[in-house]
Amino acid sequence: MNKKIYFLPLLLLVFIFTACEETTEATKFDNWKPRNEAFMDSLETVYNTQPDHGGLNVLVPTTAPKDLIYYKDITPDGNIVGDKLPKYTDAVKAFYRGTYIFGETFDENFSGANPSVYDSPSSFAVNGNIVAGWSEALQRMKVGERWMVYIPWEMGYGDVANGNIPAYSTLIFDLELYEIIK
């Protein structure tokens, strides 16, 4: 009987220490690379299987033909001005809102659902300090066009974080080309 009395406190101590072990909470960026790749795979599936491609179009980048960029043209009627496309050596003004695959905004230069007269477009060199996916999309847009662009991580910031944007992030942009600057 004495042996059982000594064993009980030892068992309680083991239980207390294992019950107090710290646990880590899952974050919204856990399994980030596979989640972003699965998101792009789902766009490919929609494009390949849905009538009218589910409203998606595809860009085949000149610099990385295997890293497809999907987009939806959401241009309001009568918004396109002319038929000129920016060249790689041009600069442009554009409105944009960047989001993660789960919808949280990480950067924007307009508020509300649509750009307004109270918002200011940002200027960018097409071949400048922008991600490759943006450069590819901008060179195919006419002034006034507005696209929802889905840039795979390989055409975005790649395997390196950039500020609050984690590595392996698919970049989703609501992008409107406002002006071509020569």
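Predicted, not measured: the structure shown is a model, and the values here were computed from it.

A. Structural detail: the pattern of salt bridges. Using the criterion set out here, one finds five salt bridges in the structure. Between Lys-66 and Asp-67 there is a salt bridge whose closest N-O contact spans 3.2 Å. The exposure class assigned to Lys-66 is exposed, which follows from its relative accessible area of 70%. The exposure class of Asp-67 is buried, given its relative accessible area of 9%. With a closest N to O distance of 2.6 Å, Arg-146 and Asp-174 form a salt bridge. Of the two residues, Arg-146 is situated in strand E6 (residues 146–151) and Asp-174 in strand E7 (residues 171–181); the sequence distance between them amounts to 28 residues. We classify Arg-146 as buried; its relative accessible area is 5%. Its relative accessible area of 8% is what places Asp-174 among the buried residues.

B. View of helix H2 (residues 32–49). Its 18 residues place the ends of H2 26 Å apart at the C-alpha level, agreeing with the 26 Å of an ideal helix rising 1.5 Å per residue. Along H2, the positions that sit buried rather than exposed are Trp-32, Asn-36, Met-40, Leu-43 and Tyr-47. Looking down the long axis of H2, one finds its buried residues gathered within 70° of arc, a one-sided arrangement. Relative to its buried face, H2 has exposed residues pointing more than 90 degrees away, namely Asn-48 and Thr-49. Its buried side turned inward, H2 meets strand E1 (57–59), strand E2 (69–73) and E6.

C. Structural context of the packing of aromatic side chains. Summed over the entire model, instances satisfying the criterion amount to 19 aromatic pairs. Residues Tyr-71 and Trp-147 carry aromatic rings whose centres are separated by 3.8 Å and whose planes lie at 20° to one another, so their mutual orientation is stacked. Linking Tyr-71 in strand E2 with Trp-147 in strand E6, this pair joins segments that are 76 residues apart in sequence. For the pair formed by Tyr-71 and Trp-147, the shared burial category is buried. Seen from their ring centres, Tyr-96 and Trp-134 are 5.4 Å apart, and the 75° between their planes marks the pair as edge-to-face. Taken as a pair, Tyr-96 in strand E3 (residues 91–99) and Trp-134 in helix H3 (residues 132–138) lie far apart in primary sequence, 38 residues in all.

What counts and how
- Residues numbered from 1 in each chain as written.
- Predicted model: local features only at pLDDT ≥ 70, side-chain atom pairs only at ≥ 80, totals over all residues.
- Heavy atoms only, no water.
- Salt bridge = Lys/Arg side-chain N within 4 Å of Asp/Glu carboxyl O.
- Buried < 20%, exposed > 50% of the residue type's maximum accessible area, 1.4 Å probe, protein only.
- Helix = DSSP H or I, 4+ residues; strand = E, 2+ residues; numbered from the N terminus.
- Expected span 1.5 Å × (residues − 1).
- Arc of directions from axis to C-beta.
- Contact = heavy atoms within 4.5 Å.
- Phe/Tyr/Trp six-rings, centres within 6.5 Å; stacked < 30°, edge-to-face > 60°.

Honestly, that's just the spatial picture; any functional story needs more than this.
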